[in-house]
Amino acid sequence: MKIFIVGCAKSGTWLLLRLFHAFDDIQLIGDDTERSLNYVKAMVIDEGKIGVWKRTWNMAFSNHRDTIRPPLEKQLALVRSQGIRLVYIRRERGGVLKSDKGWVAEKRYDDCELQAEEFADDISFVVNFEDLLRDPDSVQRAVAEALGLTIVHDWSDYPDFVPDESFAIHEGKENYSKRRIGAKY
């Protein structure tokens, strides 16, 4: 199985990717960088493992349609043909728009949400960022049940179970620190 984490910028995709370290038989595909669908199409997953990676900035459900490459329909056709399970993380609009001093524009956020609504049948599970911070273990159990995953560590124990090298790409960036879930983001 392959799991692709998508969501608007500043919605928690990096956090969610790292949380997948808490499941058994997971092979994170580049927890040090974002990956496109085409890269992962050719990626070989170790036998018995579940491949998990996160989107690049111009992927479906991550940016407004006129910046998505390849076009949204082609990306979704690849998702369907490869049997890739999409996990969409949704964060409250105000939180996304305020994050990193307004780095995400309203148009981008709104179109990400519109895509998620329009293509809801292609999304295997939706994680609500605010619920994740309030009750990480309940969200984890729901993700595990929906995707057939086995829990090895509780998400409430984050970041204890995440290898240090997973944080190297964001070293020194405040929003990507090793804070416990529920700490102010």
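Before going into details, it helps to say that this report is about the structure given with it. Not measured: the values here are computed from a predicted model. (Residues numbered from 1 in each chain as written. Predicted model: local features only at pLDDT ≥ 70, side-chain atom pairs only at ≥ 80, totals over all residues. Heavy atoms only, no water.)

1. Let's talk about the overall build of the protein chain
Phase 1: Secondary structure summary: the protein chain contains seven helices and five strands in total.
Phase 2: Counting from the amino terminus, the protein chain carries its helices and strands in the arrangement β-α-β-α-β-α-β-α-α-β-α-α.
Phase 3: For 185 residues, the compact-globule formula gives about 16 Å, and the C-alpha radius of gyration of the protein chain, at 15 Å, lands near that figure.
Phase 4: In terms of its C-alpha atoms, the protein chain occupies a principal-axis envelope of roughly 40 × 40 × 30 Å.
Phase 5: At a minimum sequence separation of 6, the contacts of the protein chain that also span at least 24 residues come to 65%.
Phase 6: When the accessible surface of the protein chain is summed, it comes to about 9,000 Å², and 47% of that surface belongs to carbon and sulfur atoms.
Phase 7: Treating the 27 positive side-chain charges of the protein chain as one cloud and the 31 negative ones as another, the clouds have centres 5 Å apart. (Helix = DSSP H or I, 4+ residues; strand = E, 2+ residues; numbered from the N terminus. Rg over C-alpha atoms; globule rule 2.2 N^0.38 Å. Contact = heavy atoms within 4.5 Å. Areas by Shrake-Rupley, 256 points an atom, 1.4 Å probe, with all protein chains shown as cover. Lys, Arg positive; Asp, Glu negative; His and termini not counted. Charge placed at Lys NZ, Arg CZ, Asp CG, Glu CD.)

2. So, the nonpolar core
Phase 1: Formed by 31 residues in total, the largest nonpolar core has its most connected members in Phe20, Val143, Leu149 and Trp155.
Phase 2: The set of elements that each furnish at least two residues to this core consists of strand S1 (2-6), helix H1 (13-19), strand S2 (26-28), strand S3 (50-54), strand S4 (85-90), strand S5 (123-128), helix H6 (129-134) and helix H7 (136-147).
Phase 3: Residues contacting Leu149, with those up to four places away along its chain left out, are Met1, Ile3, Phe20, Phe23, Ile26, Ile50, Val143 and Ala144.
Phase 4: Counting 27 residues, the second largest nonpolar core, distinct from the first, contains Ile29, Val104, Tyr109 and Phe119. (Core = buried A, V, L, I, M, F, W, Y, C linked by side-chain atoms within 4.5 Å. Buried < 20%, exposed > 50% of the residue type's maximum accessible area, 1.4 Å probe, protein only.)

3. Side note on the environment of Leu97
Phase 1: Among the secondary structure elements, Leu97 is positioned in helix H4 (residues 93-98).
Phase 2: Under the relative-accessibility criterion, Leu97 is labelled buried at 18%.
Phase 3: For Leu97 and Ser11, which are 86 residues apart along the polypeptide, the C-alpha to C-alpha distance reads 9.6 Å.
Phase 4: Those residues in contact with Leu97 that sit more than four places away from it in its chain are Gly102, Val104, Ala105, Glu106 and Tyr109.

4. A word on the state of the cysteines
Phase 1: In the structure shown here, the tally under the stated rule is zero disulfides.
Phase 2: In this structure Cys8 is not part of a disulfide, and its nearest cysteine sulfur, from Cys112, lies 3.7 Å away. (Disulfide = S-S within 2.5 Å.)

5. Observations regarding the packing of aromatic side chains
Phase 1: Throughout the structure, instances matching the rule amount to seven aromatic pairs.
Phase 2: A ring pair is formed by Phe61 and Tyr88, whose centres lie 6.1 Å apart and whose planes are at 70°; its orientation type is edge-to-face. Note that Phe61 is positioned in the loop between S3 and helix H3 (72-82) and Tyr88 in strand S4, a separation of 27 residues in sequence. For the pair Phe61 and Tyr88, one class covers both residues: buried.
Phase 3: An aromatic cluster of at least three residues, connected via ring pairs, comprises Phe20, Phe23 and Trp155. (Phe/Tyr/Trp six-rings, centres within 6.5 Å; stacked < 30°, edge-to-face > 60°.)

6. Side note on unusual backbone geometry
Note: most peptide bonds trans; most residues except glycine with negative phi.
Phase 1: The omega torsion of the bond from Arg69 to Pro70 falls at -10°, within 30 degrees of zero and hence cis.
Phase 2: Tracing the backbone shows Pro70 in the loop between S3 and H3.
Phase 3: Omega for the bond connecting Tyr158 with Pro159 falls within 30 degrees of zero, at 10°, which places this linkage in the cis form.
Phase 4: One non-glycine residue with positive phi stands out, namely Lys10, at about 70°.

7. Description of the sheet that holds S2
Phase 1: On the basis of which strands lie adjacent, the open sheet formed by five strands has the order S2-S3-S1-S4-S5 and parallel pairing. Each of the sheet's edge strands pairs with one partner strand only, and the pair in question is S2 and S5. Going across the sheet, the axis of each strand differs from the next one's by a mean of 25°, ignoring polarity.
Phase 2: The strands touched by helix H5 (residues 106-118) are S4 and S5; relative to S4, the strand with the most contacts, the crossing angle is about 135°. (Pairing = 2+ DSSP bridges. Axes fitted to C-alpha atoms, helices over the stretch in contact; angles between N-to-C directions.)

Function-wise, these values are silent; they only describe arrangement.
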